[in-house]
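Spelled out from the first residue to the last, the chains are:
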Amino acid sequence: MARAGAVAAAAAIALLLALVAPAVADVYMHNPRGSNDRNCERNVNRNNGNRMFDSQNNAKGGYACPRAVGGPDVTTPKMYYYAGSKLPIEWTAQHGCGTNPKEHCELVLQYACEDTLDPDGKFRFQEHVGAPRDGIPRGAEDDATDTIPADAESAVANTIETRRFGMHENIDFYDDCRTRRRNTGLFTADQNLRRNDARATRQNPNGNRNGLECPEERDYYPYWHPTPWRDIAVLVSHVDRCDFFRDNSQNVRAYGHCVEKEGDANVQQRLNQGTWYNNRNDCEAAGYTWQELHFGHPKFAAGSGSPAPDCQQGYFGRINHLGNAAGTNYDDPADAAKIPHNHNANRYVWTIPNTPNKNCVLRMRYNISTADYPAWDLDGNPAFNASHNGEVTKIQQDPYVQIGPEEDEFVSLALNTNQYGRTFQDRSYVFEIRADTRARALQESSTIYNLNVRGKRGNIVQTYPAVEYDFVPNDLNLAEGDMIHFQWTGSDYNPRRGCNNGEGGPPDPNTPSAGNDNSRADRSNLIEMTAMDMNFPRDITSAAALADKTMFVDENGLPDMDTVMQLAFLNQKEALAATGRRCLTEEELEAIQNHNQRENHPQNCAKINAAFTPYMDAGLKTMRKEGAFAYFSSRNNNFSNRDQTGRICVSKPGNAAACGPLDSPEARGIDNTGYVVSGDRLVALADDLLTEETVALNEKDNDSTGDGEREDCEEMAYDVATITAGAAGGPALAML
């Protein structure tokens, strides 16, 4: 076709995402927290995979909304990152990537803020943001997971009901998509695309709607029309493709659209048919104006304000594996020593750009493609196009392949042509990019590193394909004077988890009487230890006990007890005092006979239950003390069940030896002398000795549906001796 050169050039960039067939497991963002299209449902599985975007991921993945339970009157601060600070973006990808020879892959990282998602403030109402917005429940029992209707009224955040809808791309962007002719120069194999407009793609031939995302823009990168997304990085299997990605990024070149004329009958007819002009030649030949703008808006006529995306070879990742990768990618190579990989998940350390905005969202797209057709030529340019479609295509749905000379010597392949080249996606919740207002000299001499928490409540099976709690990054080697932004969040909308699978409360609802049920809440704290292989806090009872031992010191080199206690207790005493309450004493807690009520009580500060929301911000802390320091979360770290520990090393210039490995406590003794453990917890009474045979009680199987187990440990157990061979085929649970 006439526009094959301009449009089909981008056609075969194989970010080809799948249709609506269920995926097994795919790409999940863990830091910042990826939603996988969740919001505030309490379920194991998400409610609505069409809420805001097409993830193609398993419904069990993703993290619930980062907020405390409640409606618009319950506010939870959102995460923010300082411009110039270092943020590890962390994810797992099931199908491998990087140098794995079994496939080709690209992973595209992008972000967008209110300036491109709602450049005129058209969808904002007073202080209520139009785009991006996560969706706010109308009350404690609402999950706010409905898909936004595709109309202008629902896009405006002017009522409690419209603010329930999440929205990233806006309705104007989607209207352009559903009225503009799709790129007919694309390779679609033998798929029957059933729409004229850009909603229909090889991966989504019916043009199914997911929020206000444009399927064609989702499935192809770089896209050939304006989008609201700024490029961060592209991680590839083949670096010879990097020039193409950098040169065609919207960060460095503008893309066009055909400007409509009001009152023109041809305009309305074509819009209704989904055949509005999608290239300069056809647009201008019909007498219209082709306008090229960054992000499709005149306010960016002078440029995008963003550099070309970083492009690197990704690290090797295994196939059929949601685990760690071989290395970390950095936009600044100097950070490799500061944030060592150390066998972590896939990571890209992003230097937060100087584009301050209170409302931003991060997007990750992960493409896998096959060598069964030549999507790229030898010069690193897209190659396959529409001339290979239909009956002439060598790629056909579920083909029979003759492998022997006899008529019956053939095999059947499992081959979905809408997934031969497929893209998966995840997105974060809304966060803020905040200006670095420190003095210029301090900005130049000191770098800010973000220290966050990933994971959610539950054991490794219950959380999968999400993960259990951990600090991100969990290892830092910093220079004296560098700063750490200690900040993390979680959700109070998890499935109920108890026993060894989830510690503490507050309960849902947040009242003492609800404490008998297993809780849903994420909370994390941070206390120093003496060594990485410890599971016991260092003595932090006084400044004297911490002298010359803590990483938190003031300008005079003395222990900063305010920071130590803030990170350990999360200001719970102050929060309770503001409501006329206080933390329960040890004696008061022990007087509560029911184990769950004691563990989940809203005033049990020992379990961090009095932190009213899952969000914690300790602010910027200057690292002044040279040495290597270990720390853990006393709330969640549970040896042999889950590990939430980390290490921070601080060294003076030229003294890298200060960041050597921590020595073992066996070599110098265990520093826990500042703590007293009651003797009655350590001594078995003679009249408690057992004389008969006993059988262990086992938890029920990990659930794959529902919203978790409400009952406490004792109620959730069954006696293995009661299971018979005849009952093996069913859930033989003799509840005690």
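Turning our attention to the pairing of strand β11 (residues 357-369). Each regular strand carries side chains that alternate between the two faces of the sheet. Counting buried positions along β11 gives twelve out of 13 residues, so the element sits mostly inside the fold. Relative to β11, strand β4 (residues 104-113) is paired through ten bridges, and the arrangement is antiparallel. Note on β11: the bridge partner recorded for H104 is S369. For β11 and strand β15 (residues 431-434), the ladder comprises two bridges, and the chain directions are antiparallel. For C360, the partnering residue across the bridge sits in β15 and is F431.

Along the chain, the position of N279 falls in the loop between α8 (265-273) and α9 (280-285). Classification of N279 by relative accessible area gives buried; the value is 4%. Of note is the side chain of N279, whose polar atom sits 2.9 Å from the side chain of N278. One polar contact links the side chain of N279 to the main-chain amide nitrogen of N281, over a distance of 3.2 Å.

This paragraph deals with the state of the cysteines. This structure, assessed with the given rule, holds seven disulfides. Covalently, C242 is tied to C311 through a disulfide, its sulfur atoms 2.1 Å apart. Taking the sign of the S-S torsion, about -75 degrees here, the bridge from C242 to C311 comes out left-handed. Highlighted residues: C242 in helix α7 (residues 242-247) and C311 in strand β8 (residues 310-313), separated in sequence by 69 residues. On the basis of relative accessibility, which here comes to 3%, the residue C242 falls in the buried class. On the basis of relative accessibility, which here comes to 11%, the residue C311 falls in the buried class. The residue that forms a disulfide with C258 is C283, at a sulfur-sulfur distance of 2.1 Å. Looking along the S-S bond of the C258-C283 disulfide, the torsion reads about 85 degrees, which is the right-handed sense. With C258 in strand β6 (residues 255-259) and C283 in helix α9, this residue pair connects regions lying 25 residues apart in the sequence.

What counts, and where the lines are drawn
- Residues numbered from 1 in each chain as written.
- Predicted model: local features only at pLDDT ≥ 70, side-chain atom pairs only at ≥ 80, totals over all residues.
- Heavy atoms only, no water.
- Buried < 20%, exposed > 50% of the residue type's maximum accessible area, 1.4 Å probe, protein only.
- Helix = DSSP H or I, 4+ residues; strand = E, 2+ residues; numbered from the N terminus.
- Pairing = 2+ DSSP bridges.
- Polar contact = N/O pair within 3.5 Å; in protein donor to acceptor, adjacent residues only side chain to side chain.
- Disulfide = S-S within 2.5 Å.

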